[in-house]
Amino acid sequence: MNDQPTHIEINPVHSGRLGDFVGTSSAEAPGIEADIRSLLLMLWRRKLFIIGTVFMGLALMAIAITFITPRYTARALILIESNNNQPYAKELQLVLGGAQFDTTLILGEIEVLRSRTMARQLIERLDLMNDPEFNSRIPFSQPDNPEKKQEQKPSKAEGKREILGSFKQLSVYSAEIDSLPPEVIDRQIAEVVTQFLDNLNVRAIPGSFAIQVEYTSSDPNKAALIANAVVDTYIEQRLEEKFKSTKKVTDWLDKRLSELRQQVESSEAAVQEYKVRNNLVEGTRNVVSAEQLSELNSQLVLAKAMKAETEARLAQIQALSKSPSKFENASSIVNSAVIQNLKQQEVTLMGRLSELSSRYGPKHPHIIKAIAELEEIRRALQLELGKVVDQTRNEVHFAQARVEALEGGLRELSGQRQEDNEAMIRLRALEREAEATRLIYDTFLEAYKRSDNQEELQDAQARVISYAIVPQAPSYPNRMLLLSLSAAISLFIGLAMAILIEKLDNTFRSANQLENMIGFPCFAMIPAVEGVQQNELSGYTVTKPSSTVAESVRTLRMVLNLRSPQKDKKSKVITITSSFPGEGKTTLSVWMARLAAKSGEKVILIDADLRRPNVHRTMGENNDSSLVDYLTGQKDLSSVIHKDPISGLHVLFGRSVPNSALDLLSGDKMKKLVASLQQVYDLVILDSPACLAVSDARVLAMMSDQTLYGVAWDRTPREVVMSGVKQFSDMGYRNLAFVLTNVDVQRHVRYGYGDTVYYYGRYKEYYAT
């Protein structure tokens, strides 16, 4: 361990803390660093408070639940069915223009179930005006215990008669209603309807055409009865509305059919009269003329195509006859066998002539003969091609004559058809009108027959798929939900209160708190001693040298030696002070002096509190000879030093002289006394007054090697400690260290700070009490 003390800097800090100057450690920034571990430790310290808050919240909620009137919810299911499965649905939809069956219809049916009209029907049907749950003017009588009612499970009809009977028994209010004005009755009924609808909940089941009807009441049997009454009334109302709608459609169709029948007869008579007047017979002249016209058109098209083809062939042949060099293409245009044969002979002679030319000269007889034969063949080919041109020209004239003949016949038939069309157009118009009237009549007649059958086979297109049963458990209050919410809210309040209490805590409970907030080191934490008489307290560390208290005091002495301000010299003069009296500084002085003396050191303890001296009382001695006698010159030093018979400790007791205490302690004689004792003794302990009460402690600190500042664990306010430390830091004093006194070991261990006292509590087998 390093013998040097922690480096201390005195810096002015403008903050909300008491004092203008605080000591800050160069190793850590001032203030408490909030981290997860510190938060968990803080919650662990306050765990009993948090758990108590949660249990209190649960208890209050449990008590509140007992005062809440339970509410029971009964549920019934309705399925809205499509009318597409009915064989006559499509015809009726064509006639009536029915709406599509979709989710919009489901939402509309939900509004029907929640309508005030239907609610009023149910109120009249169940006589709910005489039920105190709905009408506050009726005296309320508590229903029987639902659990007893549920033990006997009557049938649905019996339960309905029983509850309706109980409603009828309350009908005393009926006589009063008869005597009330109509507007008052309507207002009271409206209030009951509103109360009824507040307890009714209707919602669609997502992804289906099912509707769930829920009713909530303080009586489970009543809830089931009303829920079932709602769905039954809804089905009956749909049937009634469908009967009315079907009857209206039937009456309208009957009237419309009479009108259509007259229109059909009139239109058919008009068609027949027009045929007779214009001598039109369907399927004879009109049909034949159309066939002839179509046939002539086809022939005319073919004739024109043949003419065009012949003219094109004639033009190509004439072009070949003018260009003998293109005779090689004649075979693909002219189909004459003679021309093809001559062309073949020409090719053969040309090949032969080419062969002879390679062997003979141009005047050779064979060459001359071959040339003569070739010219003969070409003259024959030209002559034959002329015949083909004449033949093709004749074909063109014939095709032209055929086209002209067909066009003339077509013009004659077109004129005849024009006359027929004028009469047929009017006839077809009359026939179409008669046919449309007949079709409408047949459609309406079929729909009339369907609707007539529908009156006998009427379907509500909705059915109850699940009637409500008597609920066994209340839907409100939800005990588990309320208790869970109460536990969560109580836990949150407990955590918030624990954090608030922790933040408002104004004391020190660990060495880290002292060091981080004030900046000076904490050398030791001294456990509190319980169950010991006051006169035995000063000798506790001597009589129980293996106790945790004795071990902590020995640790303090060791730290003082190791962290001496002078490297090569141990601290000999130690001043012990505190903020207020009663923080254990005198007891700590006696304990440390006696343990040091028992360990073989030469130790003297000086009670420098000349205002409220207490060392002699703590040790059970009298202070007839005191430090005051020596400082005033009344006695010499040897006569005022007392020897402790228990440990061999030398003691200078004090005496109360408040008026001259500061003068005596700050005098030269006191300084010389401390200097001389430092030369003789191994350890000089000065028990000084509380530093906030008087300034004696600061005077004694300047004579000491180190000053121990006692802070009572979980008692001394932080501002008080800061004010006391500020007195030393203002005068530039640095050799200051803290000692936490009167530490409650068991509480400190529960808080889980993890310092030395934590191990005192966890590993008790190392110590003997």
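No experiment lies behind these values; they were computed from the predicted model shown.

Student: Could you clarify how one ought to interpret the overall build of the protein in this entry?
Tutor: Scanning the protein from terminus to terminus reveals 28 helices and 14 strands. Relative to all contacts within the protein whose residues are 6 or more apart in sequence, the contacts with residues 24 or more apart total 80%.

Student: Explain the confidence of the model for the protein here, please?
Tutor: The pLDDT averaged across the protein works out to 79; a share of 78% of its residues lies at or above 70. Residue range residues 1–32 is modelled with pLDDT below 50. Its contacts to residues more than four positions away, or to other chains, number 59 contacts. Low pLDDT (under 50) marks residues 142–157, which in the prediction has 16 contacts with non-local residues, meaning those over four places away or in another chain.

Student: Even after reading the chapter, I still don't get the side chain of Ser647, so can you show me in this structure?
Tutor: Inspection of the secondary structure assignment puts Ser647 in the loop between strand E10 (641–643) and strand E11 (650–652). At 2.8 Å, the side chain of Ser647 and the side chain of Asp644 are in polar contact. A polar side-chain atom of Ser647 sits 3.4 Å from the main-chain amide nitrogen of Leu649. If sequence neighbours within four positions are ignored, Ser647 has contacts with Arg594, Ala597 and Lys598.

Student: What is the right way to look at the packing of aromatic side chains in this model?
Tutor: Any aromatic ring pair is given by two values, namely how distant the centres are and how the planes are angled relative to each other. With the rule as written, the count across this model stands at six aromatic pairs. Consider the rings of Phe196 and Tyr215, whose centres lie 5.2 Å apart with planes at 35°: the pair is tilted. Residue Phe196 is located in helix H9 (residues 182–198), and its partner Tyr215 is located in strand E5 (residues 210–217); the two are separated by 19 residues in the primary sequence. We note that Phe196, like Tyr215, is buried.

Student: Hey, could you run me through helix H12 (residues 337–357) in this one?
Tutor: Helical geometry note: an α-helix holds 3.6 residues per turn, so side chains three or four residues apart project in the same direction. Helix length check: H12, at 21 residues, gives a terminal C-alpha distance of 30 Å against a target of 30 Å (1.5 Å per residue), a fit within 8%. What H12 keeps buried is the set Ile339, Leu342, Lys343, Glu346, Leu349, Leu353 and Leu356. End-on, the buried residues of H12 take up no more than an arc of 145°, which puts them together on one face. Residues of H12 that are exposed and point more than 90 degrees away from the buried face comprise Ala337 and Ser354.

Student: When you look at the environment of Arg428 in this model, what are you seeing that I'm missing?
Tutor: With respect to the helices and strands, Arg428 occurs in helix H13 (residues 365–456). Sequence-wise, Arg428 and Val271 are 157 residues apart; in three dimensions their C-alpha atoms are separated by 8.7 Å.

Student: What exactly am I supposed to notice about the sheet that holds strand E3 (residues 72–80) here?
Tutor: Hydrogen bonding along the main chain pairs the strands of a sheet, whether they run parallel or antiparallel. Reading across the sheet, the four strands line up as E4-E5-E3-E6 and stay open at both edges, with antiparallel pairing between neighbours. The open sheet has two free edges, formed respectively by strand E4 (200–204) and strand E6 (462–466), since each of these has just one partner strand. In this sheet, adjacent strand axes meet at a mean angle of 25° when their direction is disregarded. Two elements, E4 and E5, share five bridges in a ladder whose sense is antiparallel. The residue bridging Asn201 from the neighbouring strand is Glu214, located in E5. The strands touched by helix H4 (residues 103–113) within the sheet are E3, E4 and E5, with E4 carrying the most contacts at an inclination of about 170°.

Student: Teacher, can you tell me more about the packing of helix H1 (residues 36–45) against helix H14 (residues 479–504) here?
Tutor: A pair of packed helices is captured by two measures, namely the crossing angle of their axes and the spacing between those axes. Where H1 meets H14, the axes come as close as 10 Å, and the angle between the chain directions of the two elements is 100°. Looking at the two axes, H1 sits roughly perpendicular to H14. On H14, the residues touching Leu39, Met42, Leu43 and Arg45 of H1 are Leu495, Ile499 and Glu502.

Student: Where do I start with unusual backbone geometry in this structure?
Tutor: With the exception of glycine, the majority of residues adopt a negative phi angle, and the majority of peptide bonds are in the trans configuration. Here the bond from Tyr476 into Pro477 is cis, since omega is 0°, no more than 30 degrees from zero. Positive phi, normally seen in glycine, also occurs at Asp127, with a value near 55°. Tracing the sequence through the fold places Asp127 in the loop between helix H5 (116–126) and helix H6 (146–151). Phi is positive for Asn742, which is not a glycine, with a value near 55°. Topologically, Asn742 is positioned in strand E14 (residues 736–743).

Student: Looking at this model, I keep getting lost on H5. Mind explaining?
Tutor: All of the buried residues in H5 are Met118, Ala119, Leu122, Ile123 and Leu126. An end-on view of H5 places all buried positions within 140° of arc, on one side of the element. Opposite the buried face of H5, at more than 90 degrees from it, the exposed residues are Thr117 and Glu124. Two residues or fewer past H5, Asp127 is found with a positive phi of approximately 55°.

Student: Could you clarify how one ought to interpret the pattern of salt bridges in this entry?
Tutor: A side chain with one charge may pair with a side chain of the opposite charge, provided their charged atoms come close. The tally for this structure, following the rule as stated, stands at 22 salt bridges. Between Asp714 and Arg509 there is a salt bridge, and its shortest N-O distance comes to 3.6 Å. Taken as a pair, Asp714 in the loop between strand E13 (706–712) and helix H26 (718–730) and Arg509 in the loop between H14 and helix H15 (511–518) lie far apart in primary sequence, 205 residues in all. Given a relative accessible area of 22%, Asp714 falls into the partly exposed group. The exposure class assigned to Arg509 is buried, which follows from its relative accessible area of 2%. Salt bridges sharing partners connect three or more residues here, namely Arg45, Arg46, Glu502, Asp505, Arg509, Asp714 and Arg747.

Student: Looking at this structure, I do not really get the nonpolar core. What am I missing?
Tutor: Looking at soluble globular proteins, one finds that nonpolar side chains tend to be buried together. By size, the foremost hydrophobic cluster in this structure holds 36 residues, and its most contacted members are Ile78, Leu113, Phe196, Leu200, Ile226, Val230 and Tyr234. Among the secondary structure elements, those contributing two or more residues to this core are E3, H4, H5, H9, E4, E5 and helix H10 (220–278). Looking at this core, the element that brings in the most residues is H10, giving nine residues.

Student: Where do I start with the pairing of E14 in this structure?
Tutor: The side chains of a regular strand alternate, first on one face of the sheet and then on the other. With seven of eight residues buried, E14 lies mostly within the body of the structure. Two elements, strand E7 (residues 522–527) and E14, share four bridges in a ladder whose sense is parallel. Its bridge partner being in E14, Ala524 is matched across the sheet by Val739. The pairing of E13 with E14 spans six bridges and is classified as parallel.

Rules and cut-offs
- Residues numbered from 1 in each chain as written.
- Predicted model: local features only at pLDDT ≥ 70, side-chain atom pairs only at ≥ 80, totals over all residues.
- Heavy atoms only, no water.
- Helix = DSSP H or I, 4+ residues; strand = E, 2+ residues; numbered from the N terminus.
- Contact = heavy atoms within 4.5 Å.
- pLDDT = per-residue confidence, 0-100.
- Polar contact = N/O pair within 3.5 Å; in protein donor to acceptor, adjacent residues only side chain to side chain.
- Phe/Tyr/Trp six-rings, centres within 6.5 Å; stacked < 30°, edge-to-face > 60°.
- Buried < 20%, exposed > 50% of the residue type's maximum accessible area, 1.4 Å probe, protein only.
- Expected span 1.5 Å × (residues − 1).
- Arc of directions from axis to C-beta.
- Pairing = 2+ DSSP bridges.
- Axes fitted to C-alpha atoms, helices over the stretch in contact; angles between N-to-C directions.
- Parallel < 35°, antiparallel > 145°, perpendicular 65-115°, else oblique.
- Salt bridge = Lys/Arg side-chain N within 4 Å of Asp/Glu carboxyl O.
- Core = buried A, V, L, I, M, F, W, Y, C linked by side-chain atoms within 4.5 Å.

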